Structures are given as C-alpha cells and as structure tokens.
Amino acid sequence: MEKKQKISTRKIVFVALMAALTVAGSALRITLPIDIAGTTSFHLGNIMCALSGLLLGPWLGGLASGLGSAIYDMTNPLYISECWITFLTKGAYGLAVGLVVWKAKGKWGYGKATVATVAGAVTYAVLYLAKSYFYSGLLLKGLTPAAALTTVIAKLPATTFNAVIAIVIAPFLAVNIRAALEHNHLTLE
C-alpha cells in the first residue's frame, strides 16, 4: 500500500518562497541609532511573517517566517548571535497568525486575516520586547531593571510601526494572492 505524501512539493516551494521573501522584507530596513540593548529597525519583514501564516497555516507559516528571519540575521553581524531567538520569535509570529486564521470558523476573508495578523503582531511584540528586556537588557548588557525598561520603551515606536504596517498590508496581500491562486486552480492546502 502506498503512503500518502503529507507535504507536497508545492508546499515546500511555497515555504521556501515565503522564507526568501521574509529575508528580503527584513533586509528592507532603516536601523535606528538606539544601541543600548540591541538595535531597533523599521522593516518590512513582519509583513512577510504574517503573510506566511496567512497563506501556509500555522506550522509551515511559522517555519517560513522563522527560517526567513533567522537567515536574514545570519547575513548581518549585528544580529547573527541572536538568530536562534529570531527563529523562535518570528516563527511564533507566523504560527500565531496561522493558528487564528486557519482554526476560525467561517469564510476566509479580509476580516479574519486582519484579526489573525493582529494576534500574530501582538504575540511577536510581547516576545520581542520581553527578549529585549530580559535577555538583551538584563542578561547581556547587565542593565538595571529601570534601564532595561527604558530600552524597551525606546523600542516601542518601531515595534508598533512594524506591527501596524503588517496589519494593514499582509491581509490585503493574502486575500488577493489567495484569489489569484484559486482563479488559477492552485491551492496551498
């Protein structure tokens, strides 16, 4: 008896594509001159993390967003030492988006995609800011709790900006990409 293939070649290709787009989106950045407990940047990588979860679901979307973000970190000396943390936190971004959008009942659309993207953005922001406080601030830099909190507050504008941009753009892209795929009789499921 032949075993059914669980992950199709098409899914593998889409995971690789979304990981590559996440690398590219992460590279499109403006780094802010804040270097107390790591760097802070405005970038487009979060859009691709959310889009990965929306299009590929929780597990493959989490893999694509985490892998793409970690690969970007490996290309930059400023971030390479934390690529494993990025893999986990950005993977959680795609995972959270995918869990919300794929487990919710009803028709898949812009509203559901937006709610899922908000859930992913909040999940990632909490993880990233906690990492900035505990790992980067207290552990690596040896800051006082007050100083570490100050660095977290300094990161809030960029973190919020990146989240809002992802919340606005990723659902729009996902709805249109899914429509184009369905029109061409292609599925990601």
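This text follows the structure it describes.
Residues take numbers from 1 onward in each chain, read along the sequence in its written order. A pLDDT threshold of at least 70 governs which residues receive local features in this predicted model, and a stricter bar of 80 or more applies before side-chain atom pairs are shown or counted, although totals over entire chains, interfaces and linings include all residues. To get the side-chain values, take all heavy atoms of the structure and skip hydrogens and water.

Draft legend 1. Quick peek at helix α6 (residues 145-183). In DSSP terms, a helix is any run of H or I states spanning at least four residues, a strand is any run of E spanning at least two, and both are numbered starting from the N terminus. A helix is expected to span 1.5 Å for every residue after the first. For α6, which comprises 39 residues, the first-to-last C-alpha distance of 54 Å matches the rise-based estimate of 57 Å (1.5 Å per residue) to within 8%. Helix geometry: α6 is bent most strongly at Leu156, by close to 40°, with proline Pro157 lying one to four residues after it. Downstream of α6 by one or two residues, His185 has phi in the positive range, about 60°. Given a residue, its bend is the angle between the two axes fitted to the seven residues that end at it and to the seven that start from it.

Draft legend 2. Structural view of the state of the cysteines. Cysteine sulfurs are considered disulfide-paired once they come within 2.5 Å of each other. Counted according to the given criterion, the structure contains 0 disulfides. In this model Cys49 remains outside any disulfide bridge; the closest cysteine sulfur is found in Cys83, 15 Å from its own. The buried label goes to any residue with under 20% of its type's maximum accessible area, the exposed label to any with over 50%, and the partly exposed label to all in between, with areas taken from a 1.4 Å probe on protein chains only. Given a relative accessible area of 0%, Cys49 falls into the buried group. You can call Cys83 buried: its relative accessible area is 17%.

Draft legend 3. Geometry of the side chain of Ser69. With respect to the helices and strands, Ser69 occurs in helix α3 (residues 58-74). Other than its neighbours up to four places away in sequence, Ser69 contacts Thr22, Ser26, Cys49, Thr86 and Lys90. For this analysis, residues touch if any pair of their heavy atoms sits within 4.5 Å.

Draft legend 4. Region of the structure containing the packing of aromatic side chains. Only rings of Phe, Tyr and Trp enter the pairing, Trp through its six-membered ring, and a pair is recorded when the two centres are within 6.5 Å. The plane angle decides the type: under 30 degrees is stacked, over 60 is edge-to-face, the rest tilted. Counted according to the given criterion, the structure contains 6 aromatic pairs. Ring centres of Tyr124 and Tyr128 lie 5.7 Å apart, and the angle between their planes is 20°; on these two criteria the pair is classed as stacked. Of this pair, Tyr124 and Tyr128 both sit in helix α5 (residues 110-140), 4 residues apart, which is roughly one turn of that helix. Each member of the pair, Tyr124 as well as Tyr128, is classed as buried. Every member of this aromatic cluster is reached through a ring pair, and the members are Tyr93, Tyr124 and Tyr128. Throughout this description, the term charge over a ring refers to an Arg CZ or Lys NZ atom that lies within 6 Å of the ring centre and within 35 degrees of the ring normal. When the ring centre of Tyr124 is taken as origin, the NZ or CZ atom of Lys90, which lies over that ring, is 4.3 Å away. Positioned above the aromatic ring of Trp108, the side-chain terminus of Arg178 is 4.3 Å from the ring centre.

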